[in-house]
Structure formats: structure tokens, C-alpha cells
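A structural walkthrough
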Amino acid sequence: MLQLAFIRNNKEKVVEALKKKNFKDLELIEKIIEADDNRKNLQFQSDEKLAQRNTASKDIGALLAQGKKEEAEAKKQEVSALKASIDEISGKLAETEALLEGLLLRLPNLPNDLVPTGLTAEDNEVVRTHGDIPKLYEGAVPHWDLITKYDLVDFQTGVKITGSGFALYKGRGAKLQRALIQYFLDYNIAAGYTEYVPPHVVNYASAFGTGQLPDKEGQMYHMALDDLYLIPTAEVPITNIYRDEIIPAAELPKKMTAYTPCFRREAGSFGKDVRGLNRVHQFDKVEIVCITHAAESYAVLEQMVEHVERLIQSLNLPYRILRLCGGDMGFASAMTYDFEVYSTAQERWLEVSSVSNFETFQTNRMKIRTKDENGKSQLLHTLNGSSLALPRILASLLENNQTEKGIIIPEVLRPYFGADIIS
RNA sequence: GGAGACUUGUCCGAGUGGUUGAAGGAGCACGCCUGGAAAGUGUGUAUACCUCCAAAGGGUAUCGAGGGUUCGAAUCCCUCAGUCUCCGCCA
């Protein structure tokens, strides 16, 4: 959620930035300012009436203490008369506040100046490409065949247990998955991130805080009986650790990491994109989240990109880094880098990480602040990224490392996996 | 799941209808004291919004959350959430 004061003071800038994000409803800005004017006006009226009531009530107390009953009664009548207009104004005020909030929630975050102009994934900027695409042997196959061949993941039984898009990892497949998680977490911890195991289920306020609600309601699994949501990413519980908190400047930046399963309904997805491990309803992911001073957030974003990049390099996977264009970015993000690894047998890039700076978009909703040197509270910036999403890493790793003898396990994983090949 | 107790500021803790945004204490900050420190002592120490060019000042709201009663609610009533104790169930 954008800050009202910023919108009011930078109207033209906001409109220009929204155009870059391919946001059409530009009249919204005027509507917001109008609603805010109304709100201020109503609040002023309401405050005035309430102040009248408060002083009168105090007078009544004083009169009663002096035993002046009749005067007190007269005052009571006076205040009673005030009540109707107080109710009317505060009703209007509440309405206007709700309207304003509703309008503000429709505004996406503004893209950073560095974000390229563009509408679709075609317009994303390739920042760099790294690693050689391996030449596979003649009988090389996509990962969905490899997992069957080596008995690593069983989709049919996943369907039986739950439904399509739920995978049953098995034997060496399960262990490889666990090895990756362990390796990723250790790597993050070594870089100064604090590990958490958060709840995998969150309430409305948490899902609202990071921006999943109200807009993306259909993307999350909702448990109606308890009104709770399965997390679509660890970002949600982890960022919400500091919801409604003022973090002392000395404790910044906060660097957190967590492994969690992620649950996504993926309504509307179909076709070859969803084949095998490419897109599933439940997947494992190790996430990193940072909370920083506004002035440092872009430096932190670059650090996070470098951090994720070294992790992918350590697995010897060919990858490229994209800076998403305005039209392809998420609603809440000010700048996003996507990491894609090459899936050699499928001959396509698979997104395995998305690293974003949300600036104050989330902290404004969550009221995550710090105190500046003047003692004034300032919204902090939040950032997060995957390090990494497991299924597509697994897919790419299986496809790129397949040989006639079996699948070669990258060196860094061998201590965790306990073997150097799956044969 | 059943019964009961509880939820106040950074923390502890007082407060059962009337200048209580909230006693007292601790912590913290600044000053005095000191060669320096401790002790002592003085002052200050929430958040949001409105008013204002800004500052100062003023106003409003907030005592778990939401609603209600009342001229007036931290205090009374209702709903919900959480914490603790006992019972039940259970990995």
C-alpha cells in the first residue's frame, strides 16, 4: 500500500510510475485524494464535536461534585443533543475511511526507475547469463521420465492421496529433496541469516500484511472452519514476525531464512507448463527475507541477488538473471530479479527464484517501523527472495546431470546426500 | 472439548464510572553531583490521525480486539482472541 502523503505530494510522479506498471485506472489517484480530503474534513468535524462532549462531560462531573444537580442535568441535555450529530459524523467518517482504504488497496507499488518499460515477459531485461548448457547424451530425457526411471517421485500416488499437483517423493528422491533443503539453509545461515520454522498456516492479518489478501485470495488454500490460510510462501509468516513493531535501528538489518512447504492453488494453470515438477500445488522452498532502512534497501537487494547467484553457481546449473519489466512485475514489488535455470532436456528456462524489493509497500500495511535520529518513526523496507524453490531446481539438476550411468550429484550436495550418483 | 482466573505504557504494577494517557517502581535518555564511576538528585521517556508552510502549541483516538450502556468507560454489559490453572482427550 502506497503512503497517502507520498501520493499527495508526488501526484505526477505516481501517475507516470503507474503507467510503467501498465496500470490503467489512473483516475484512482484523484479519487483517492478526494476521499482523503473528505476524510480530513470529517475527522476535523468529529474531533471538534468530541472535544465539546468531553469538556461538557467533565463539567458535569465537576457540577455534581459541587452538588449542583440541576445545572448538571441541564448540561446532560445539552450533550445528549450533541450525540446525534456525533453519530452521524462518525458514521460518515468510518464510511469514508473504508472507501479510502479500498481505493488505496487497488494501487500497485511503483516501479523503481531502473525497472525497464514493457508489458510482458518478452520485455524483461536479461541482466546476465552464466554457465554452459551441457551437451546431453543421446538417450537424455526430461525430468518426468527420470523420476520414474530412478523411482524418485510418484505422481500417481500423490493424485490418489490428494489430487493432481501433489507429489509423493520417495527414497532417494525424498533424500535429495532433504539434502537440498539442508544445504540451502546452511548456506543462508553462513551468510548471517537467522533460521526460523514458522507456522505454515496464517490468519487474515498476516496474509493482508504481505499483500496476498485481499487481491489474491484465489491463490491460497483457505480453511473455512478456522478462517486460516495455508502459506503460499514463507515470506508471509516470516515478514509478519515484525508486524506492528518498531525495530530499534541498531538491530537492522533483519536477515531471516526459513524452509517451508508452499501451497498454491494455481487456478487457471494448464498445459505443458505444469508437466512433472514444473508447477505443483505443494512445493518446498527456502526463503530469505530482509528488513532494512529505506536508504539501504537497494544495496541489500543487490547483496541478495549475489547471494542467490552464488548458490546456483555452487550447484553448477546454467542460469540467467532477469530484471522484470514494469508490466511483468508483481503487484507489491518495486523491483524484481528473477532467476531462471536452464532445463536442458525440456529446452526451456525455469524460474527458481524471485528476489524483490517491496520498499514500504508491505511495511505500510504491517506498520513495521524504526526510529530515526530525530525520534520520528519511519517505515522500513522489506525484501525477499527464494534461495531456492526446490522442484524446478530438482528438475533442472536431474536433466542437466543425467549420464548413461546415472545422475551425477553436485559436489556440494554429496555430504548431505551421502552418495555421488543416482544410478 | 469442559470449568475457572486473567489480559493496563519498554518492563513490573496500581487503578471497579468523573481533569486517568493513566499512580508507584524499574529500565532508558539527558542534566546536576564526581578526578572518573557508582550512589544520590532533577527533568524527560507511547502510537496514529487532525490543525499548522514548519516548529511550538492545541485537539481526537488508543488500557487484548470489536460492539453496547452512559452526559462521561481502563473501570459496567455482550461477542471474539490470547495467557494461565484444573479436568478430559492425545502425538
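Residues numbered from 1 in each chain as written. Chains lettered and ligands numbered in written order. Predicted model: local features only at pLDDT ≥ 70, side-chain atom pairs only at ≥ 80, totals over all residues. Heavy atoms only, no water.

Observations regarding the pattern of salt bridges
- Applying the stated criterion across every chain yields a total of 17 salt bridges.
- Notably, a salt bridge pairs Asp-36 with Arg-39, separated by 2.1 Å at the nearest N-O pair. Residue Asp-36 and its partner Arg-39 are both found in helix H3 (residues 28-65); the two are separated by 3 residues, about one turn of the helix.
- When its relative accessible area of 2% is taken as the criterion, Asp-36 is described as buried.
- Put simply, Glu-306 and Arg-310 hold a salt bridge, and the shortest N to O gap is 3.1 Å. With a gap of 4 residues between them, Glu-306 and Arg-310 both fall in helix H10 (residues 297-314), about one helical turn apart.
- With a relative accessible area of 45%, Glu-306 lands in the partly exposed category.
- Residue class for Arg-310 comes out partly exposed when judged on its relative accessible area of 42%.
- Through salt bridges with shared partners, a single ionic network connects Arg-8, Asp-36, Asp-37 and Arg-39. (Salt bridge = Lys/Arg side-chain N within 4 Å of Asp/Glu carboxyl O. Helix = DSSP H or I, 4+ residues; strand = E, 2+ residues; numbered from the N terminus. Buried < 20%, exposed > 50% of the residue type's maximum accessible area, 1.4 Å probe, protein only.)

Examining the nonpolar core
- Formed by 59 residues in total, the largest nonpolar core has its most connected members in Leu-180, Phe-184 and Ile-393.
- Per-element accounting of this core gives the leading share, 8 residues, to helix H7 (residues 172-190).
- Apart from residues no more than four positions distant in its own chain, Leu-180 is found in contact with Leu-315, Leu-390, Ile-393, Leu-394, Leu-397 and Leu-413.
- Listed in part, the 23 residues of the second largest apolar core include Leu-28, Ile-32, Ile-33 and Leu-104. (Core = buried A, V, L, I, M, F, W, Y, C linked by side-chain atoms within 4.5 Å. Contact = heavy atoms within 4.5 Å.)

Notes on the layout of surface pockets
- By volume, the largest pocket is sized at about 1500 Å³.
- Surrounding the largest pocket, 48 residues form its lining, Arg-264, Arg-279, Asp-338, Glu-351 and Ser-354 being those nearest its centre.
- For the lining of the largest pocket, the secondary structure elements donating two or more residues are strand S9 (282-292), strand S10 (319-323), strand S11 (335-343), strand S12 (348-359), strand S15 (381-389) and helix H12 (390-400).
- Counting residues per element, the lining of the largest pocket draws most heavily on S12, which supplies 9 residues.
- Partitioning the lining of the largest pocket into residue classes produces 17 nonpolar, 16 polar and 15 charged.
- Considering the residues around the second largest pocket, the lining is formed by 16 residues, among which Phe-6, Lys-13, Leu-110, Pro-111 and Glu-359 are closest to the centre.
- It is helix H2 (residues 11-20) that provides the largest number of residues to the lining of the second largest pocket, a total of 4 residues. (1 Å grid on protein atoms, 1.4 Å probe; cavity = no way out; pocket = protein on both sides within 12 Å on 5 of 7 lines; lining within 4 Å. Points joined across faces, edges and corners; volume = space filled by probe spheres on them. Nonpolar A, V, L, I, M, F, W, Y, C, P; charged D, E, K, R; others polar.)

Structural notes on the sheet that holds strand S7 (residues 228-230)
- Spatial strand order, S5-S7-S6: 3 strands in an open sheet with antiparallel pairing. This sheet does not close on itself; its edge strands, each paired only once, are strand S5 (201-202) and strand S6 (222-223).
- As paired elements, S5 and S7 share 2 bridges and run antiparallel to each other. When the sheet's bridge partners are listed, Val-202 is paired in S7 with Tyr-229. (Pairing = 2+ DSSP bridges.)

Things to note about the protein's contact with RNA strand B
- In the vicinity of RNA strand B, 21 residues are found, and the nearest of them are Arg-39, Gln-43, Val-79, Lys-371 and Ser-377.
- The sugar-phosphate backbone supplies 70% of the atoms of RNA strand B found within 4 Å of the protein.
- Asn-54 is positioned such that a nitrogen or oxygen atom in its side chain is 3.3 Å from a phosphate oxygen of RNA strand B.
- For the surface near RNA strand B, the elements supplying multiple residues, two or more each, are H3, helix H4 (69-105) and strand S13 (369-371).
- Here the element with the most residues in the surface near RNA strand B is H3; it accounts for 13 residues.
- Tallied by class, the residues present in the surface near RNA strand B amount to 7 nonpolar, 6 polar and 8 charged. (Near = heavy atom within 4 Å. Polar contact = N/O pair within 3.5 Å; in protein donor to acceptor, adjacent residues only side chain to side chain.)

Description of the packing of H3 against H4
- Axis separation between H3 and H4 bottoms out at 8 Å; the angle between their running directions is 160 degrees. By the angle class used here, H3 and H4 are roughly antiparallel. Between H3 and H4 the crossing geometry is left-handed.
- A per-class count over the contact of H3 with H4 returns 19 nonpolar, 7 polar and 12 charged. (Axes fitted to C-alpha atoms, helices over the stretch in contact; angles between N-to-C directions. Parallel < 35°, antiparallel > 145°, perpendicular 65-115°, else oblique. Left-handed = near helix turned anticlockwise from the far one by under 90°.)

What about H7?
- Taking 1.5 Å per residue, 19 residues should reach 27 Å; H7 reaches 26 Å between its end C-alpha atoms and fits that length.
- Those residues of H7 lying buried are Gly-173, Leu-176, Gln-177, Ala-179, Leu-180, Ile-181, Tyr-183, Phe-184, Leu-185, Tyr-187 and Asn-188.
- Gly-192 sits one or two residues past H7 and shows a positive phi near 100 degrees. (Expected span 1.5 Å × (residues − 1).)

Concerning the side chain of Thr-260
- Secondary-structure assignment places Thr-260 in strand S8 (residues 254-263).
- Thr-260 sits in the buried class, given a relative accessible area of 0%.
- If sequence neighbours within four positions are ignored, Thr-260 has contacts with Pro-198, His-200, Ile-231, Thr-233, Ala-234, Phe-283, Asp-284 and Lys-285.

Some details on the side chain of Thr-233
- Inspection of the secondary structure puts Thr-233 in the loop between S7 and helix H9 (235-239).
- A distance of 2.8 Å separates polar atoms of two side chains, one belonging to Thr-233 and the other to Lys-285.

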